Amino acid sequence: MNRIEQTVYELALPVVTEAGLELWDVEYVTEAGQRYLRLYLDGPEGVDLDDCERVSRAMDPILDEADPVPDSYIFEVGSAGCERQLKRPSDFERFMGSTVEVSLYSAADGAKRWIGTLAGYEDGSVTVDTGGERHTFTKKQTASVRLHVEF
């Protein structure tokens, strides 16, 4: 997390917790020339539009007062989603044994995308089981790891 994301995370955590939800992630990004500040939420029963609106309304005055973002931005609050990105060691621990999609910066054994069961995580290296074969990717190789849902 960068400094802005960390500051917003610390500001949002008590608000989200009080709402009975989990703060999954904070993201501050530029897309198509526009800056976005996003909070991603999770909850025991999932997250609905009312949850997002409640947290957004509670955060508006806090963000206005703390002013952690020096530029103008669009503020969004949403669900972490069923195919959420795993970033922290606790995320990997929580979803060990789940199906994940690992995206690599460069192809390994001819593929940049690997789908399998999350079988290990240590010091940033991710191990997936792809039907009996285990593949381990280092932190430097790995662009992202997301939960994967087949429909």
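Details of the structure are given in the entry above.
Criteria and thresholds
Residues numbered from 1 in each chain as written. Predicted model: local features only at pLDDT ≥ 70, side-chain atom pairs only at ≥ 80, totals over all residues. Heavy atoms only, no water. Pairing = 2+ DSSP bridges. Helix = DSSP H or I, 4+ residues; strand = E, 2+ residues; numbered from the N terminus. Axes fitted to C-alpha atoms, helices over the stretch in contact; angles between N-to-C directions. Core = buried A, V, L, I, M, F, W, Y, C linked by side-chain atoms within 4.5 Å. Buried < 20%, exposed > 50% of the residue type's maximum accessible area, 1.4 Å probe, protein only. Contact = heavy atoms within 4.5 Å.

### Comments concerning the sheet that holds strand β8 (residues 142-147)
- Taken in spatial order, the 5 strands of this open sheet run β7-β6-β5-β4-β8, and their pairing is antiparallel. Looking at strand neighbours, the two that pair on one side only are β7 (134-137) and β8, the edges of this open sheet. Strand-to-strand, the axes of this sheet are offset by a mean angle of 40°, without reference to chain direction.
- Relative to β7, strand β6 (residues 125-129) runs antiparallel, the two sharing 4 bridges.

### Brief notes about the nonpolar core
- Core analysis: the biggest nonpolar cluster contains 20 residues, and Leu 23, Leu 37, Leu 39, Val 55 and Met 59 have the highest contact counts within it.
- Listing elements by their share of this core, those giving two or more residues are α1 (3-18), β1 (22-31), β2 (34-42), α2 (49-66) and β3 (74-79).
- Per-element accounting of this core gives the leading share, 6 residues, to α1.
- Beyond its immediate sequence surroundings of up to four residues, Leu 39 is in contact with Val 8, Ala 12, Leu 23, Asp 25, Val 26, Val 55, Met 59, Phe 75, Glu 76, Val 77 and Gly 78.
- With 16 residues, the next largest nonpolar core counts Trp 24, Phe 95, Val 100 and Leu 147 among its residues.

### Observations regarding unusual backbone geometry
- In the Ramachandran plot, Ala 32 falls in the positive-phi region, its phi being about 50° despite a non-glycine side chain.
- With respect to the secondary-structure elements, Ala 32 resides in the loop between β1 and β2.
- For Asp 123, which is not a glycine, the phi torsion comes out positive at approximately 50°.
- Take Asp 123: it is sitting in the loop between β5 (111-122) and β6.
- The class for Asp 123 is exposed, based on a relative accessible area of 74%.

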